[in-house]
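# Geometric and topological summary
For reference, the chains in residue letters:
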Amino acid sequence: MQVRTRMAPSPTGEYHIGHIRTLLYNYAFAKKHKGSFIIRIEDTDQKRLVKGAKDKILKVIKDYGFDWDEGPKKGGPYGPYIQTQRLDIYKKYAQQLIDEGKAYYCFCSSKRLDKMRQEQKKRGELPKYDRRCLSLSKEEIEKKIRNGESYVIRMKIPDNRIIEWEDVIRGKIKVPSKDIDDQVLIKSDGIPTYHFAVVIDDHLMKISHIMRGQSWIPSAPKQALLYEFFGWQAPVFVHLTVLMDPDGKGKMSKRHGSVFAKSFLDEGYLAEALLNFLMLLGWNPGTNQEFFSLDEFIKIFSLEKLHKSPATFDRKKLNYFNKHYIQEKSNEDLAKLLKKFLPQVSLKILIELSPLVKERITKLSEVVELTKFLFKPIDYPVEMLLQRGADKKLVKEMMSGAIEVLVNLTEWGETKITQEKLLKLIKDNGWNVGQFFMIFRVALSGQKITPPIIDCLKILGKEKCLKRLKKATEI
Ligand code: GLU
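Just so you know, these numbers come straight off a predicted model, no measurement behind them. (Residues numbered from 1 in each chain as written. Predicted model: local features only at pLDDT ≥ 70, side-chain atom pairs only at ≥ 80, totals over all residues. Heavy atoms only, no water.)

A word on the sheet that holds strand β3 (residues 103-106). Strand order in this open sheet of 3 strands is β3-β4-β7, and the pairing throughout is antiparallel. Two strands lie at the open edges of the sheet, namely β3 and β7 (184-186), each paired on one side alone. Taken over all neighbouring pairs, the strand axes of this sheet differ in orientation by 45 degrees on average, direction set aside. Examined bridge by bridge, strand β4 (residues 152-155) and β7 share 2 bridges and lie antiparallel to one another. Across the sheet, residue Arg154 finds its bridge partner in β7, namely Val184. Here helix α3 (residues 87-99) sits on the sheet and contacts β3, β4 and β7; the angle it forms with β3, its principal contact strand, is near 105 degrees. (Pairing = 2+ DSSP bridges. Helix = DSSP H or I, 4+ residues; strand = E, 2+ residues; numbered from the N terminus. Axes fitted to C-alpha atoms, helices over the stretch in contact; angles between N-to-C directions. Contact = heavy atoms within 4.5 Å.)

This brings us to the site of the ligand. As a matter of local geometry, the ligand sits amid Arg6, Ala8, Ser10, Glu42, Tyr194, Val198, Arg212 and Trp216. Within the side chain of Arg6, an N or O atom sits 2.5 Å from an oxygen atom of the ligand. Interatomic distance of 2.8 Å between a backbone N/O atom of Ala8 and a nitrogen atom of the ligand. The fraction of the free accessible surface of the ligand (300 Å²) that becomes covered by protein chains is 89%. (Near = heavy atom within 4 Å. Polar contact = N/O pair within 3.5 Å; in protein donor to acceptor, adjacent residues only side chain to side chain. Areas by Shrake-Rupley, 256 points an atom, 1.4 Å probe, with all protein chains shown as cover.)

Let us now look at the pattern of salt bridges. Enumeration according to the criterion identifies 40 salt bridges in this entry. One salt bridge connects Arg123 with Glu125, and the closest N-O pair in it is separated by 3.0 Å. Note on Arg123: relative accessible area 54%, which makes it exposed. Asp182 serves as the salt-bridge partner of Arg131, at 2.6 Å between the closest nitrogen and oxygen. On the criterion of sequence distance, the pair formed by Arg131 in the loop between α4 (110-122) and α5 (138-146) and Asp182 in the loop between β6 (171-176) and β7 is long-range, its members being 51 residues apart. Relative accessible area serves as the criterion here: at 21%, Arg131 is assigned to the partly exposed category. (Salt bridge = Lys/Arg side-chain N within 4 Å of Asp/Glu carboxyl O. Buried < 20%, exposed > 50% of the residue type's maximum accessible area, 1.4 Å probe, protein only.)

This next bit is on the nonpolar core. Counting residues in each nonpolar core, the largest one holds 107 residues, and the members touching the most others are Tyr64, Phe301, Phe313, Met399, Phe436 and Phe440. With 9 residues, helix α1 (residues 17-32) is the largest single contributor of residues to this core. When near neighbours in sequence (up to four residues on either side) are disregarded, Phe440 contacts Met399, Ala402, Leu406, Leu422, Ile453, Ile454, Leu457 and Leu469. By size, the runner-up hydrophobic cluster in this structure holds 50 residues, among which are Tyr81, Tyr129, Phe230 and Trp232. (Core = buried A, V, L, I, M, F, W, Y, C linked by side-chain atoms within 4.5 Å.)

Along strand β5 (residues 162-167), the buried face is formed by Ile163, Trp165 and Asp167; none of Ile162, Glu164 and Glu166, which line the opposite face, is buried. Across 6 bridges, β5 lies against β6 in antiparallel orientation. Bridging from a neighbouring strand, Ile163 pairs with Val175 of β6. Where β5 hands over to β6, the hairpin turn is made up of 3 residues, counted between the paired strands.

Considering only enclosed or pocket space, the second largest pocket measures out at about 270 Å³ in volume. Around the second largest pocket sit 14 residues that line it, and Asp63, Leu265, Tyr269, Leu337 and Lys340 are the ones nearest its centre. (1 Å grid on protein atoms, 1.4 Å probe; cavity = no way out; pocket = protein on both sides within 12 Å on 5 of 7 lines; lining within 4 Å. Points joined across faces, edges and corners; volume = space filled by probe spheres on them.)

So this is what it looks like as structure tokens:
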């Protein structure tokens, strides 16, 4: 069997980080088996469509480093890959079910349906269509259609049946058919519902494995039944566990930080760190190995090692991965990534900056605060100079001494020589080394925390350094 997996985003909002995990597993599984990974846009819920969402989702998928073998913008043998461009296909299959008595027209107004549901609720029953239209004769149906009455097409759920299907993670799942509503397959505007379109498309696109979030489990019995109605072989179902917040209080939520795939990248998490983190959120290699490239993951990913219980989205762990991947970057590569956060700074300077910040940031965005003194005017309260009990007189002496040393340097930016000369100055005056450098740092940056300050002199430039030190002597 040819492995074909898919992601089927609905353009109803932003892609969640959980979607990226699901995508990663689908992608890896297809690639491992030399199969195909497909993207299909499920845009049948017209009321919930968000303008621009489709392109944003496709972009974020690419930003995480993925590409698809078939799908929007690319095409493929089973296209189109956008559901609203496939409406005739769904109609044909809905008609087939009607002809076979497995689906029926329903002309009930939404007013009637609302009333019906309210009454059912009052009686403590599960809201379900009461099948009033199931008893319409062929002639009545034809007449109503001729008169232009609006209708939907409903699936006829068989009575007294147990509907069962096999889920790779959860085993056999069984649902009594009495708990399932006669699902709408085609809405009054002629557009199919998710449940119907997904089955038709997964079948026609020859999807072999469906991996998706566990929130889709309630849809699975209806889908399993549709495969049965059509006499089609159902794909393998894999409903992944949910991502939980670390406090164990439920599904991952915005309370703890970003949840959208794009915002993690915007904050300066590296795609490879996020992917590595996500690999282990719901799957384990069965060894102690922690770091995996996507290629390594593809080689060893298997459905058997998927977790059965929910995974905790531990942001501390994510930070740990991100720090690791930042430190692994070459200066050139890190500089290119930093450019997004410091667009005004040249690549040449960013390459010089990279080794200075590499060990000091957890997320790329932190570089902005950490290095703002290098690129922007500084402003700090005078008292900040009075480090470790220094008085104004001492600050003046120290900074005047520093100016003297720096002015006389033959080459600007020679870290080692600069350091030696400053240490000599400190020693000659009997000053405290730590205190001197704290004051020196504040004078040059207005910050208490910076990359190694002597390393920063080169990027800061002689003129700016001397000016800032001079200002510190004028307190
Ligand atoms: N369109 C659904 C979504 O938005 C796809 C669900 C599925 O994978 O079957 O996630």
